[in-house]
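Understanding the architecture of this molecule
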Amino acid sequence: MTVKTVVEQAGAVDEFRAEVRQWLAENVPAEPLRPWTTRVGFDQHRQWERTLFEGGYAAVDWPVEYGGRGAGLRHTIAFAEEYYRARAPERVNMGGLYLLGPVLMQYGTAEQRRRWIPDLLSCRTIWCQGFSEPGSGSDLASLRTRAVRDGDHFLVNGQKIWTSMGGSADWIFALVRTDPEAAKRRKHAGITFLCIDLRTPGVEVRPLTMVDGTKGFAEVFFTDVRVPVENVVGDLDQGWKVAMSTLGFERGAVFGDHAKFSNDIAALAGLVRHRGLAQDSLALDELGRVLVETEVYRANVYRLAALAESGGDLDRTASINKLYWTEMQHDIFATGLRLMAEDGAIVADPSAVAGVDPVTADAWRDWHHRYWYARAAMIFGGTSEIQRNIISERVLGLPLEPRPS
Amino acid sequence: MTDTLDLDRRQLDEVTTALLERHCGLDHLRGRLDAGAAHDAPLWARLAETGLVSALVPGEFGGADLTPRHLPGVLHATGYHALPEPYLETSVLAATVLTAFADVPGVARRLASLAEGSLLVAVRISDLDPYVAFAAEADVLLDVAGDGTVTLHRSEEVEVESLEAVDPLRPVARVRTRGPGTVLGVAPELAARVRTLAVAGAACQLAGAARRLLDLTVEYVSVRQQFGRPVGSFQAVKHKIADVAVGVDMAEAAALSALDAIDNPDAAHRAAAAKAYAGQAADRANVEALQLHGGIGFTWEYHLHFWLKRVMSLTAAYGTTTAHRRSLATDLLARVPDGGPER
């Protein structure tokens, strides 16, 4: 492994940017990787994560003691901008890196951090999030997966569903009900945040085929699964608080991801030219609208960074941010499909179809895949409707909806 | 961002808000509407006394010697309070132009008059907006042409045709010149800067006006009772307001940062994006604000219409949403190679 330095000591943002740019130029695979939803593609992505880790770039914003570079927000944004500029591969351990990692730093014991963080960072262990259940989507706190204490273990029974990366993951961080009595008083009470090794006997993972035919998520069944008590993160029965902090991470700004959307807009512009629409006033208006939306998002990322640097509260901004970027992302990909006109109906092998250039076939397929992901993003991490509830009641202070007692 | 700049801004924002709350409240707006005249000399004099009118004028001409980067919050406040004065036009655009040509005979004197509040200046940027705000009220018209030629016309040198404006408190006119006027110079860079200031400045005003529509709506639905509960407790109402809030919040992020980036190479690009988005967000705020106020919002007597009309006027001004989108898209297309979506 190369020697890692603390970024703030390593110099100004521009120097760090140059260092990152050079490293990416030397290391990003020349050929795009196969989609991670395929077996071959998944191994390729995991190998890439290993390369990133060895280069010291797996999580530049994490503290050095956990294997990060201690990068401040400006450096983190610069890293992401360079990462997307280099068209580097999609990250595959998002649940671990963006959700569990920060949770462990905030709530985990020293032993848990030592045990899970290094493998998470090097992508030796892939993590998935076990929150949703068949009967508990938006109403997450109604979850029914039970964990009953049995000596120094819990016995877990229940089911999780729509688990992103579930088919590829090694571990799951799950919400389980440990005190059913407490739920009678307040349904958010008595829930515990528990990490479970998916190789434990009694765990069954059934990959689910997604709407676009790829195997991106899974359902996970637990039948008398024995989980050591030391796998509880945070306090027993206090898992809701821990879970809400991961949702905060999920909804809040991923600093620098505006650069990803700028790539998408460039791709959309290429599409407009390719279809001979560069003078078409309607196409220009559509392209202009989504371009404007991404520019606004970039401005917001920098505003939030400034707010965070001055010690401001980002919690209030998380729902606005999530609602905005997921709608923007949908607008980008739906606009692309509209501009493809009749060819928007073609996914597989568009080269066989008159009017579609064979060189763009893979890109076409990828565009459709991203479109469906955009649809998913308006549902996961709290649906758009839940975000609107939060914005109206907690940010704007509108009168509460009468709730059934 | 320097800390001093930040501090200065906060101070300016406070001063502006305090002044407008006190002297540009609903009574003032109704008074100007009844009088059939937007501009009010006493209010402008107050703005001048606090130094807001002369914000961008150099100290040697009696100004406060600030930069446009000090003004995002001030411009936002002028929209929030629906100020019926040519603040953007005179204090931002004209002050910038006259400062650049201060060496031209007669300009320094006018700059000093502008700074003390005794000279109103309208600005025509024909390739951006065919109409001129506050032209009938202005003592002087500055014409900033697309090729960078800047011409000064005294009011007797122009024929002003006042138009029936959607927002009577932001009057607009068509202006025909009667003579050549006084050419101050040819300065394409200055012209581009003035154009960008107009676009970014209007975006800030628009974001402010849209914020007011949001606040008024939140306030109203929180107290208006139907079916035995505040209408704001219904989810159908809440969700519309949440969408408005996202738009307003993002419009502020884009507009305030576009003016802050006025000295950057991509300033024009950012200003155009900010104006286009603010227009889009303000449209939504306009539609939902009136819808959620119901009948009361439709009355002349109630005050909602000041802001409904202000956002309509500003959305159409200094480049429409569609115009900015198309020009941004055209610029982008010139930069990308042909060839379909890339991976």
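The notes below deal with the structure included here. Small disclaimer: the values here were computed from a predicted structure and weren't measured. (Residues numbered from 1 in each chain as written. Chains lettered and ligands numbered in written order. Predicted model: local features only at pLDDT ≥ 70, side-chain atom pairs only at ≥ 80, totals over all residues.)

1. Description of the overall build of chain B
When you go through chain B residue by residue, the secondary structure sums to eleven helices and nine strands. For chain B, whose C-alpha radius of gyration is 20 Å, the value lies close to the compact-globule estimate of 20 Å for 343 residues. Its C-alpha atoms give chain B principal-axis dimensions of about 70 × 60 × 45 Å. Looking at chain B residue by residue over its 343 residues, the buried ones come to 53%. Taking the intrachain contacts of chain B between residues at least 6 apart in sequence as the baseline, contacts between residues at least 24 apart amount to 72%. (Helix = DSSP H or I, 4+ residues; strand = E, 2+ residues; numbered from the N terminus. Rg over C-alpha atoms; globule rule 2.2 N^0.38 Å. Buried ≥ 20, exposed ≤ 12 C-beta atoms within 10 Å, placed from the backbone. Contact = placed C-beta atoms within 7 Å.)

2. Regarding the pairing of strand S5 (residues 191-197) of chain A
Residue and element names in this part refer to chain A. For S5, the buried fraction is high: six of the seven residues fall into the buried class. With seven bridges connecting them, strand S4 (residues 171-177) and S5 associate as antiparallel partners. Paired with Arg-177 across the strands is Ile-191, a residue of S5. Relative to strand S8 (residues 232-233), S5 runs antiparallel, the two being bridged by two bridges. For Leu-194, the partnering residue across the bridge sits in S8 and is Val-232. (Pairing = 2+ DSSP bridges.)

3. Let's talk about the environment of A:Phe42
Residues and elements named next belong to chain A. Tracing the sequence through the fold places Phe-42 in helix H3 (residues 39-55). A count of 20 C-beta atoms within 10 Å places Phe-42 in the buried class. As a C-alpha pair, Phe-42 and Val-92 span 50 residues in sequence and 8.2 Å in three-dimensional space. Not counting residues up to four positions away in its chain, the partners in contact with Phe-42 are Trp-36 and Ser-168.

4. So, unusual backbone geometry
With a phi angle near 70°, A:Asp237 is a residue other than glycine that sits in the positive phi range. With respect to the helices and strands, A:Asp237 occurs in the loop between S8 and helix H8 (239-251). Phi at B:Phe134 takes a positive value of approximately 60°, unusual for a residue other than glycine.

5. What about the nonpolar core?
Counting 218 residues, the largest nonpolar core has B:Ala200, B:Ala203, B:Ala210, B:Ala254, B:Ala255, B:Tyr277 and B:Ala278 as its most contacted members. Setting aside residues no more than four positions away along its own chain, B:Tyr277 makes contact with A:Val292, A:Val296, B:Met250, B:Ala251 and B:Ala254. (Core = buried A, V, L, I, M, F, W, Y, C linked by C-beta atoms within 7 Å.)

6. Observations regarding the interface of chain A and chain B
One frequently used descriptor of interface size is the decrease in accessible area upon assembly of the parts. The partner chain B presents 40 residues to the 48 residues of chain A that form the contact. Broken down by secondary-structure element, the contributors of at least two residues to the side of chain A that touches chain B are helix H9 (258-274), helix H10 (281-309), helix H11 (315-339), helix H12 (361-377) and helix H13 (384-395) of chain A. It is H10(A) that contributes the most residues to the side of chain A that touches chain B, 15 residues altogether. Looking at the side of chain A that touches chain B, its residues break down into 28 nonpolar, nine polar and eleven charged. (Nonpolar A, V, L, I, M, F, W, Y, C, P; charged D, E, K, R; others polar.)

7. What about the sheet that holds strand S4 (residues 149-154) of chain B?
Residue and element names in this part refer to chain B. In space, the four strands of this open sheet follow the order S1-S3-S4-S7, with mixed pairing throughout. The sheet is open, and its two edges are formed by strand S1 (121-124) and strand S7 (182-186), each paired on a single side. When strand polarity is set aside, the average angle formed by the axes of neighbouring strands in this sheet is 20°. The pairing of S1 with strand S3 (residues 140-144) spans four bridges and is classified as parallel. (Axes fitted to C-alpha atoms, helices over the stretch in contact; angles between N-to-C directions.)

8. Considering the packing of helix H5 (residues 87-100) of chain B against helix H6 (residues 107-116) of chain B
All names here are of chain B. Closest axis-to-axis distance for the H5/H6 pair is 10 Å, and the angle between their directions is 155°. Of the possible angle classes, the one that applies to H5 and H6 is roughly antiparallel. The handedness of the crossing between H5 and H6 comes out as left-handed. Counted together, Thr-90, Ala-94, Ala-95, Leu-98 and Thr-99 of H5 and Val-107, Arg-110, Leu-111 and Leu-114 of H6 form the full contact between these two elements. (Parallel < 35°, antiparallel > 145°, perpendicular 65-115°, else oblique. Left-handed = near helix turned anticlockwise from the far one by under 90°.)

9. Comments concerning the sheet that holds strand S6 (residues 172-177) of chain B
Residues and elements named next belong to chain B. Taken in spatial order, the three strands line up as S2-S6-S5 in an open sheet, and their pairing is antiparallel. Edge positions in the sheet fall to strand S2 (132-133) and strand S5 (158-162), since each of these pairs with one other strand and no more. Relative to S6, S5 runs antiparallel, the two being bridged by five bridges. Pairing of Glu-159 across the sheet is with Arg-176, part of S6.

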